[in-house]
Amino acid sequence: MTDDAIVKRMKVIVKDHGGQLALANAIGVDQGFISKIVNQKQEMSYYLIRKLCFQLKYSPEWLILGTGDKKISKPESAKLITEIQMLRTEVDILHARMRAYELELKEIRDNGFNSQQKAG
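Criteria and cut-off values
Residues numbered from 1 in each chain as written. Predicted model: local features only at pLDDT ≥ 70, side-chain atom pairs only at ≥ 80, totals over all residues. Heavy atoms only, no water. Buried < 20%, exposed > 50% of the residue type's maximum accessible area, 1.4 Å probe, protein only. Helix = DSSP H or I, 4+ residues; strand = E, 2+ residues; numbered from the N terminus. Lys, Arg positive; Asp, Glu negative; His and termini not counted. Salt bridge = Lys/Arg side-chain N within 4 Å of Asp/Glu carboxyl O. Phe/Tyr/Trp six-rings, centres within 6.5 Å; stacked < 30°, edge-to-face > 60°. pLDDT = per-residue confidence, 0-100.

Trainee: Mind showing me how you'd approach helix H4 (residues 46-56) here?
Mentor: Residues that lie three or four places apart on an α-helix share one face, since the helix turns once every 3.6 residues. Burial in H4 covers these residues: Leu-48, Ile-49, Lys-51, Leu-52, Cys-53 and Leu-56. Just past H4, the residue Lys-57 takes up positive phi, approximately 65 degrees.

Shown next as structure tokens:
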């Protein structure tokens, strides 16, 4: 899910903070975690996005979409981050429902296949 554009913006943030170790220390994560994101060995996580936005005041819009101002300083920024959290929760719920439907469909197919074998 992490695309090259998000990784480029992540590299800008790393540079802004004087390197991976300094950024990791600023947001309380392991430097290896930052390295994996920058080197595309791990997906950009919601956890990291939240830390960058809450703690360092980077704009979620800029970080995720590449539009708008890089930093947020407006009072509505907390509201925006809360809305992103709510959307993320909705996406997680939709993914869980989709997995449940896929399992249900598989079960229906398997039962239908077994019924056909018994009849034939």
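Trainee: Explain the side chain of Lys-51 here, please?
Mentor: Following the sequence through the fold, Lys-51 ends up in helix H4. For the buried residue Lys-51, which engages in no salt bridge, the nearest side chain bearing the opposite charge is Asp-30, 13 Å off.

Trainee: How should I be thinking about the environment of Val-7 in this particular structure?
Mentor: Residue placement: Val-7 occurs in helix H1 (residues 4-16). The class of Val-7 is buried, set by a relative accessible area of 4%. Considering only alpha carbons, one finds Val-7 and Asn-39, 32 residues apart in sequence, at a separation of 8.2 Å.

Trainee: Would you explain the packing of aromatic side chains in this entry?
Mentor: The geometry of an aromatic ring pair is captured by two quantities: the separation of the ring centres and the angle between the planes. Evaluation of the coordinates by the stated rule reveals two aromatic pairs. Ring centres 6.1 Å apart and planes at 65 degrees place the aromatic pair Phe-33 and Tyr-47 in the edge-to-face group. One end of the pair, Phe-33, is in helix H3 (residues 31-38); the other, Tyr-47, is in helix H4, and 14 residues separate them in sequence. For the ring pair Tyr-58 and Trp-62, a centre distance of 6.0 Å and an interplane angle of 25 degrees mean the geometry is stacked. No difference in accessibility class separates Tyr-58 from Trp-62, as the two residues are buried.

Trainee: Is there a simple way to think about the pattern of salt bridges in this case?
Mentor: When the charged atoms of two side chains lie near each other, side chains of opposite charge can form a pair. Tallying each qualifying case throughout the model produces two salt bridges. Between Asp-16 and Lys-70 there is a salt bridge whose closest N-O contact spans 2.9 Å. Separated by 54 residues along the polypeptide, Asp-16 in helix H1 and Lys-70 in the loop between helix H5 (60-65) and helix H6 (77-119) bring together distant segments of the chain. Of the charged contacts, one joins Lys-106 and Asp-110 as a salt bridge, the two residues approaching to 2.9 Å between their closest N and O atoms. Here the residue Lys-106 and the residue Asp-110 both occupy positions in helix H6, the gap between them amounting to four residues, near one helical turn.

Trainee: Is there a simple way to think about the confidence of the model for the protein in this case?
Mentor: Keep in mind that low pLDDT regions are not for reading the predicted coordinates in detail. Across the protein, pLDDT averages 84, with 86% of residues at or above 70. Within the protein, the lowest mean pLDDT, 79, falls on H6, and the highest, 95, falls on helix H2 (residues 20-27).

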